[in-house]
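Each chain, letter by letter, is given below.
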Amino acid sequence: MLGVEAMDQVKKVLTNSIEKNEIAGGNVMVIKGGKEIFYHEDGLADREAGLPIRRDSIFRLYSMSKPVTAAAVMILIERGEIDLYEPVSQFLDGFKKQMVCEGDRLVPTEREVTLKDLLSMTSGLVYGGENSAGRETEALFQEIDNRLFSDSPMDTVEVMNKLGKCALAFQPGSYWQYGTSADVLGAVVEVVSGIRFGDFLQKEIFEPLDMQDTGFWVPEEKRSRLVNAYLDNGKGELLLYTGNHLGIINKMDREPAFESGGAGLVSTIDDYARFAKMLMNEGSLNGVQILRQKTVKYLTSGTLNAAQQKGFDNWYTLSGHSYGNLMRVMTDYSKAGGLGSLGEYGWDGWLGAYFCNCPKDDVTFLFMIQKTDAGTTALTRKLRNILLGSYCK
């Protein structure tokens, strides 16, 4: 069990953050040896209605969807249905004859984007920016948003074929930059499997792991459990956020046409803990095998070469880490900005959902909040340092 002093520190730090209007509320969990050793919740899921955060509160994962998408890709690899060096254009026609930004001009790609490029974020696909690649991608997401509630919303494969026609920020494999690669992988899974991406995840991951509250939307009977998202107005106040972001409907109140492998899932802390425990347990949970041991080892390893690592090293708060298969991996404890252990891996989301697995110590840490532009917050690192400092060697 976690020491009383550490538990009190966690509660104090979380309460203080809520009182300072840094977050509205959240819940945190630690698992060691496959068993929960700590859980705590505090604050409000809906400040306007006075509804508290609870254990079954549903959170928008945003980029914490990415590790789930990577696991889906690993399933196809195990079955011999894809090869990581296959070009994306083999599955999505929009990726044929792509162009790359070089200064103010566009030049042809030196080689095609591969599935491996997508998994390592070395594809040249970005989220935004001032060059042609960024502007064209932003315009595409604006089109997705404009059609969200129309009679013809854009579906997963349509969106990704259009994305393939956007310019790349750099030659495939030459650098690292965070972007839309996971969304493309979702479409690839859909094409290869012959069923919708969400249906594949439901069949192959969510149902076997008993993740009953995870998916791309929230049915009406569960909607009261969806946590509100909030934004900081820059004056020390939290305001309700009602916008749609990256093609994701904020209310999550309908089955989306575009199932975003990079940002679209919702889940609870217990559901995501099952996914994290499956990875920690080398691919299986409660007698159900999702992935093989060797596959999980590959999935949770950094894959960047020296040139690509230079791009990742620009992410200052992830010093001491590398990247691979849509997750960060700690490679140099001395350079990291917090307590943890070598080989630790995980990811976070735009609204602050966060998880990490520390295989060396058999410890999992999860933290769920809903605040725009959050990612890994200072609060997240403070809680990590209290909890992982107690258990990670």
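Here is a short report on the structure shown in this document. Bear in mind that the values here come from a model prediction, so they are computed numbers and not experimental data. (Residues numbered from 1 in each chain as written. Predicted model: local features only at pLDDT ≥ 70, side-chain atom pairs only at ≥ 80, totals over all residues. Heavy atoms only, no water.)

Moving on: empty space enclosed by the protein. Inspection of the entire model under this criterion finds one cavity of 30 Å³ or more. Roughly 80 Å³ of internal volume is contained in the largest cavity. Forming the walls of the largest cavity are Leu 148, Phe 216, Gly 247, Ile 248, Ile 249, Met 252, Arg 254, Pro 256, Phe 258, Ser 260 and Gly 264. Per-class residue counts for the lining of the largest cavity are seven nonpolar, three polar and one charged. (1 Å grid on protein atoms, 1.4 Å probe; cavity = no way out; pocket = protein on both sides within 12 Å on 5 of 7 lines; lining within 4 Å. Points joined across faces, edges and corners; volume = space filled by probe spheres on them. Nonpolar A, V, L, I, M, F, W, Y, C, P; charged D, E, K, R; others polar.)

In the contact formed by helix α4 (residues 132-146) and helix α5 (residues 156-164), the axes pass within 10 Å of each other and the chain directions differ by 160°. One element, α4, and the other, α5, form an angle in the roughly antiparallel class. In this structure, α4 crosses over α5, and the sense of that crossing is right-handed. Facing α4, whose interface residues are Thr 137, Leu 140, Glu 143 and Ile 144, α5 presents Val 159, Lys 162 and Leu 163. When grouped by side-chain class, the residues that make up the contact of α4 with α5 number four nonpolar, one polar and two charged. (Axes fitted to C-alpha atoms, helices over the stretch in contact; angles between N-to-C directions. Helix = DSSP H or I, 4+ residues; strand = E, 2+ residues; numbered from the N terminus. Parallel < 35°, antiparallel > 145°, perpendicular 65-115°, else oblique. Left-handed = near helix turned anticlockwise from the far one by under 90°. Contact = heavy atoms within 4.5 Å.)

Along strand β12 (residues 321-324), one buried face is formed by His 321 and Tyr 323 and the opposite face, lined by Ser 322 and Gly 324, is buried too. With four bridges connecting them, β12 and strand β13 (residues 327-330) associate as antiparallel partners. Within β13, the residue paired with Gly 324 across the bridge is Met 327. Between β12 and β13, which pair antiparallel and follow one another directly, the connecting turn spans two residues, one of which, Asn 325, has a positive phi of 55°. (Buried < 20%, exposed > 50% of the residue type's maximum accessible area, 1.4 Å probe, protein only. Pairing = 2+ DSSP bridges.)

Let's shift gears to the pattern of salt bridges. For the structure shown, the criterion picks out 20 salt bridges. For Arg 225, the salt bridge identified is with Asp 56, shortest N-O distance 3.5 Å. Highlighted residues: Arg 225 in the loop between α7 (197-206) and β7 (229-232) and Asp 56 in the loop between β3 (51-52) and β4 (59-60), separated in sequence by 169 residues. A salt bridge links Lys 162 to Glu 143; the shortest N-O distance between them is 2.8 Å. Residue Lys 162 is located in helix α5, and its partner Glu 143 is located in helix α4; the two are separated by 19 residues in the primary sequence. Among the residues examined, Glu 143 registers a relative accessible area of 26% and is labelled partly exposed. By sharing partners, the salt bridges in this structure join Asp 56, Asp 213, Lys 222 and Arg 225 into a single network. (Salt bridge = Lys/Arg side-chain N within 4 Å of Asp/Glu carboxyl O.)

Counting 98 residues, the largest nonpolar core has Val 184, Ile 205 and Phe 275 as the members making the most contacts within it. Per-element accounting of this core gives the leading share, eight residues, to helix α2 (residues 66-78). Residues within four places of Val 184 in sequence aside, it is in contact with Val 88, Leu 92, Phe 95, Leu 118, Leu 125, Met 160 and Leu 163. Counting 24 residues, the second largest nonpolar core, distinct from the first, contains Ile 23, Ile 37, Cys 356 and Leu 387. (Core = buried A, V, L, I, M, F, W, Y, C linked by side-chain atoms within 4.5 Å.)

Spanning twelve residues, helix α8 (residues 269-280) covers 16 Å between terminal C-alpha atoms, matching the ideal 16 Å at 1.5 Å per step. For α8, the buried fraction is high: nine of the twelve residues fall into the buried class. All buried positions along α8 are accounted for by Ile 269, Asp 271, Tyr 272, Ala 273, Phe 275, Ala 276, Met 278, Leu 279 and Met 280. Note on α8: the residue one or two positions beyond its end, Glu 282, has a positive phi of about 60°. (Expected span 1.5 Å × (residues − 1).)

Let us look at the state of the cysteines. The final tally for this structure, using the stated rule, is zero disulfides. Here Cys 101 stays unpaired: no disulfide links it, and the sulfur of Cys 166, its closest cysteine neighbor, is 10 Å away. By relative accessible area, Cys 101 is classed as buried at 9%. Of all cysteine sulfurs in the structure, the one in Cys 358 sits closest to Cys 356, which takes part in no disulfide; the separation is 4.3 Å. (Disulfide = S-S within 2.5 Å.)

Turning our eyes to something else, we now look at a nonpolar patch on the surface. Residues Tyr 333, Leu 339 and Leu 342 make up a contiguous nonpolar surface patch of about 260 Å² in total accessible area. Structurally, Tyr 333 can be placed in the loop between β13 and β14 (345-348). (Patch = residues over 30% accessible without salt bridge, like charges linked within 9 Å, V, L, I, M, F, W, Y side chains within 5 Å. Areas by Shrake-Rupley, 256 points an atom, 1.4 Å probe, with all protein chains shown as cover.)

The next point concerns the packing of aromatic side chains. The way to describe two aromatic rings as a pair is by their centre distance and the angle between their planes. Counted by the stated rule, this structure contains 18 aromatic pairs. A ring pair is formed by Tyr 178 and Trp 315, whose centres lie 5.5 Å apart and whose planes are at 70°; its orientation type is edge-to-face. With Tyr 178 in the loop between α5 and α6 (181-193) and Trp 315 in the loop between α10 (306-312) and β12, this residue pair connects regions lying 137 residues apart in the sequence. When the centroid spacing of 5.6 Å and the interplanar angle of 75° are considered together, the rings of Tyr 241 and Trp 350 count as edge-to-face. Note that Tyr 241 is positioned in strand β8 (residues 238-241) and Trp 350 in the loop between β14 and β15 (354-358), a separation of 109 residues in sequence. (Phe/Tyr/Trp six-rings, centres within 6.5 Å; stacked < 30°, edge-to-face > 60°.)

The subject of this paragraph is the sheet that holds strand β2 (residues 35-46). Read from one edge of the open sheet, eight strands run β3-β2-β1-β16-β15-β14-β13-β12, paired in antiparallel fashion. Each end of this open sheet is capped by a strand with a single partner; those strands are β3 and β12. Sheet topology note: the β13/β14 ladder contains two bridges and is antiparallel. Residue Arg 328 lies in a different strand from β14, and its bridge partner there is Gly 346. Strands in contact with helix α1 (residues 4-19) are β1 (25-32), β2 and β16 (363-368); relative to β2, the strand with the most contacts, it is inclined by about 15°.

A separate point is the environment of Asn 228. Along the polypeptide, Asn 228 turns up in the loop between α7 and β7. The sequence separation of Asn 228 and Lys 251 amounts to 23 residues, and the corresponding C-alpha distance is 8.8 Å. Beyond its immediate chain neighbours, meaning those up to four positions away, Asn 228 contacts Ala 45, Asp 46, Glu 48, Arg 60, Leu 240 and Gln 370. There is a polar contact of 3.4 Å between the side chain of Asn 228 and the side chain of Tyr 230. (Polar contact = N/O pair within 3.5 Å; in protein donor to acceptor, adjacent residues only side chain to side chain.)

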